[in-house]
Structures are given as C-alpha cells and as structure tokens.
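Take a look at the letters that make up each chain.
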Amino acid sequence: MSQTRKGLTEDHQVLDSNYAGDRERILSGIHGKLYSIYAHHRRLVLFYLFATAKLYRPSHLKTLLSDLADRRAKTFGNSVHCEAAVKWIFNAQDITATDGISAGYSFSWGWRWPYPETSGYIIPTLFDFAERFPNSPIARECCSRALRIANWLVKIQLPNGAYCCGLFPTGYGSLADKASSFEKPTAFETGQILRGLSRVYKKTEEQRYLESALKAGDWLLENQSPDGSWSVSHQNLPRSFDSFIAWPLAILWQLSGKESYQKSARKNLEWCLSQQMDNGWFDNCNHTSGDLPWTHGMGYAMQGLLETGILLENDKYIEAAQKTAEVLLKIYSVKGFKSIYKQQKGFLPARFNEEWMSNDKFSCLTGNAQISLVWSKLYLITGDIRYLNGALKMNEDLKTLQNLTCSNNGIKGGVKGSHPIYGLYMSFQYPNWAAKFFIDALIAEEKAVDKLKAS
C-alpha cells in the first residue's frame, strides 16, 4: 500500500510532513481563489459545473432533463428508500479504498475523495438503519462498515485529538478535491467524528474508541472560546450551527461522566441562543461569510439545540429549536414561495434572509431532510400532529426525487444537493450528507408514526 508523495502512507496516516508543506504552499493560493469564487460568484461556478458536467453520459443528461420537467419517481415504503440510500453509501465507501466515505458523486469529477467529517456522523446512521430494519439483507453489513469507518478515523486522528477540515487525500483527484483537502484542525469536523466514535464505543465497549473520543472532546474543550463558541471553525469564525458540536459533547458527558463536557455543551448552546432572533432566524449560520444561510445550516442549528436539550433535559433549548421549526412549518405548509416549477405550498427555498424572505427558486434537499427530521422529533415531544404532517409530506417529496433505477451507482439511491440539480447548493452533485440525512429523516418518521399508531 505504500505510495508516492501524492498518495497515502502505509497505514493511511496524513501525508508526510514534507509533502504537507509543499502542498500547503502550492494549494493555499489556489484554494483561496477557488473558495472566493465559489462564495461570491456562484453563478460563475454554476456555469463552469454545467460546462463540465459530462452531459454526454446518458445518466447525467437524463437526470438534468428530468429535473427540467420536474418528473417524479414512484415511491415505496421507507425501508426501500433507506436501503437504496445505504447501498449508495456502501458504493461511496468502496470507491475510496480507505474505509472512509467519499464526499459524493459529481457530474464534473465523478466520485470524490473521502470526507472524514461526514464519515463520522454517517456511523450512527448505519447503526440506526440496522436497528430499525433488522430484517434487511444489508443490516449486518451496516454494522461492519460502520466499524471500518471508525477504525479509519482512529488512524487519521491528530496527536492532539483533533481532526482536520476538508477531504482526505488519496492520490490522484480533481482540482476541486485537491483545493478542499486537509488544511487545519477544526471544531465542527472534530465534533462530528466524536459523535461517530462515541456511538461505536456504545456498540462495542472497546476502550480504544472511547480513548479517541475523549481525546477529541478534550481538544474541543481546550479550544472553546470564553463565550462558548469556537473560532477554530469555518473561516475562523464562530457559527450558530456549532450547536451540532454541543450534541456530541453531551453524549460524551453521558459516556464518561466528565462534567466539563456537559458544561462546554451548555456554554455553547447559550452562545447559540444569543445568535437566534425573536423570529427564529439564526445569525452567523452561513457557511461562507457574506452569504445567506442554507437551510442545511439552519437544520444543524435546530437539531443541535433539540438533541442536546433532550440529553440535558433542558426545555429552553428544545423550545429554541421549536421556534425556528414552527416558522419553517408555516412557510412550507401555509405561506409558500414560488419555485422554478411555480408551486408555492410544499416548497422551501434553499436560503432565507433575517426576515424569512427568499429569492431562491430551488431547494437544498439536505436542509429539507434535516427540517423534516426535526419536525418528526418535535411530534414525539409535543404530540402536535402538524409537525408529523409536515414531515410526512416533506419525506414523500424527497422520496420522489430519489432515483432507484439508474445504472450509474453515483446516482442510484443517492440524494442530490439541490432540486433542480443545477440549483446553487452542491450543483450537479450527490453529497454523502444528503443521503445520510435522508435516511435519518425517514427513520425519524417511522418512530413518529409508531407513536401515532400507539395512541
């Protein structure tokens, strides 16, 4: 397995220090320019992605034409759709030869390099699928693959316990992969991998997973700002969706009994609450400075508050998540915005400003799945049927957009970044986190329907 300086070392550790230095010098300028273009000239990036989308491939062209006409697929039971998405994740793992999960499939670049951050929080999803659908023929394989991810993540952990931002370099890749490969330790990535390691420890009780989780948690504590935020995050700025870091810290507190993890989680959520406006909108919830937040970021912020509030038995955090979820439910079910297909009710734009207005006529499917998941969990807490109705409708819509018959394994069973696929969020791509949250949303719906049947 030993490779040249363009590849991995024998045990899949981060590239050797000499190459890392060379890479940093060469790519820092490229990355900065590409990131600036992506953040501030999205339509230019969209034009580039359209031009390089390899539309001569039948599967790519058919997907684009279907979206232009808004053709929808037949839907089935949740187990069928979840199983297809899990198989897509299996393909995304097999393609990397590292046991990590590819960041996704791109019409321009094909399968991308493995993404440690999302690989980390895909681990709980694989276990959840196996527990919800134990009779699925791939249930046992889910568990073995989750362990493979965890073992890989333990190997690439930095000595200080942190994890780096970006994609993990595996040799030859596209310019986009090289420009977004490992940079520096960051809090969000470390938190998501911490969550995966904690889940594996709960499943196996193997001490080495807990040791890695504790190292990650301690690094987060050491690098937390006095106000509870993390500046070692996206663009070195604190983000309100870092409540999604508080959740894994609360999980680690339950596993270890170490009070400092609970205090850190509470401290962060108090800071996140300071970023929430009276109307439920979150400031500093955007992924790039100067841009409006995606519903993906809003989904992180809500779920982080909700899940941590449940673990800490704190109604204040749950109610904060509910405040935002309530606004989004009314927009989706009552108010509505016009999409490219002209429908109003039943459509959520990909971004909103602080007055909950939007000019976007496309949806961020990852955000839609996350919002549906929060609605289902709020139904479990409140019994308010409106939340379950919203989740059922959203999930049915998402299922019509999942291709179950395509011969291209990068498309079959996956979930697009945007609908239509040329929307500005992850244009012409199938990101792994979209598949992950789609599965999570359908499993959350299953549990909510169980409660409805029981009542």
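You'll find the structure just up there.
Residues numbered from 1 in each chain as written. Predicted model: local features only at pLDDT ≥ 70, side-chain atom pairs only at ≥ 80, totals over all residues. Heavy atoms only, no water.

On to the overall build of the protein, then. Looking only at helices and strands, the protein features 16 helices and 5 strands. Out of the 455 residues belonging to the protein, those deemed buried represent 59%. When contacts within the protein are restricted to residue pairs at least 6 apart in sequence, those whose partners lie at least 24 apart make up 68%. About 18000 Å² of surface is accessible on the protein, with carbon and sulfur atoms providing 54% of the total. (Helix = DSSP H or I, 4+ residues; strand = E, 2+ residues; numbered from the N terminus. Buried < 20%, exposed > 50% of the residue type's maximum accessible area, 1.4 Å probe, protein only. Contact = heavy atoms within 4.5 Å. Areas by Shrake-Rupley, 256 points an atom, 1.4 Å probe, with all protein chains shown as cover.)

This part is about the sheet that holds strand β5 (residues 429-431). The strands that make up a sheet are held in pairs by hydrogen bonds between backbone atoms, and each pair lies either parallel or antiparallel. With antiparallel pairing, the 3 strands of this open sheet are ordered in space as β2-β1-β5. With one partner strand each, in any of the chains shown, β2 (110-111) and β5 form the two edges of the open sheet. Sheet topology places strand β1 (residues 104-106) next to β5; 3 bridges connect them, and they run antiparallel. Bridge pairing in β5 places Ser-106 opposite Gln-429. (Pairing = 2+ DSSP bridges.)

Let's shift gears to helix α13 (residues 315-335). Between the first and last C-alpha of α13 there are 28 Å, a value that for 21 residues agrees with the 30 Å anticipated at 1.5 Å per step. Burial in α13 covers these residues: Tyr-317, Ile-318, Ala-320, Ala-321, Thr-324, Ala-325, Glu-326, Leu-328, Leu-329, Ile-331 and Tyr-332. Looking at the buried positions of α13, the neighbouring elements they touch are α11 (259-274), α12 (295-312), α14 (365-382) and α15 (385-400). For α13, the N-terminal capping position is held by Asn-314, with its side-chain oxygen 2.9 Å away from the main-chain nitrogen of Lys-316. Note on α13: the residue one or two positions beyond its end, Gly-336, has a positive phi of about 80 degrees. (Expected span 1.5 Å × (residues − 1). Polar contact = N/O pair within 3.5 Å; in protein donor to acceptor, adjacent residues only side chain to side chain.)

Once that is clear, we can look at the pattern of salt bridges. Inspection of every chain in the model, using the stated rule, returns 22 salt bridges. Between Arg-351 and Asp-291 there is a salt bridge, and its shortest N-O distance comes to 3.1 Å. In this pair, Arg-351 is assigned in the loop between α13 and β3 (363-364) and Asp-291 in the loop between α11 and α12, connecting sequence segments 60 residues apart. Pair check on accessibility: Arg-351 and Asp-291 agree, each one buried. (Salt bridge = Lys/Arg side-chain N within 4 Å of Asp/Glu carboxyl O.)

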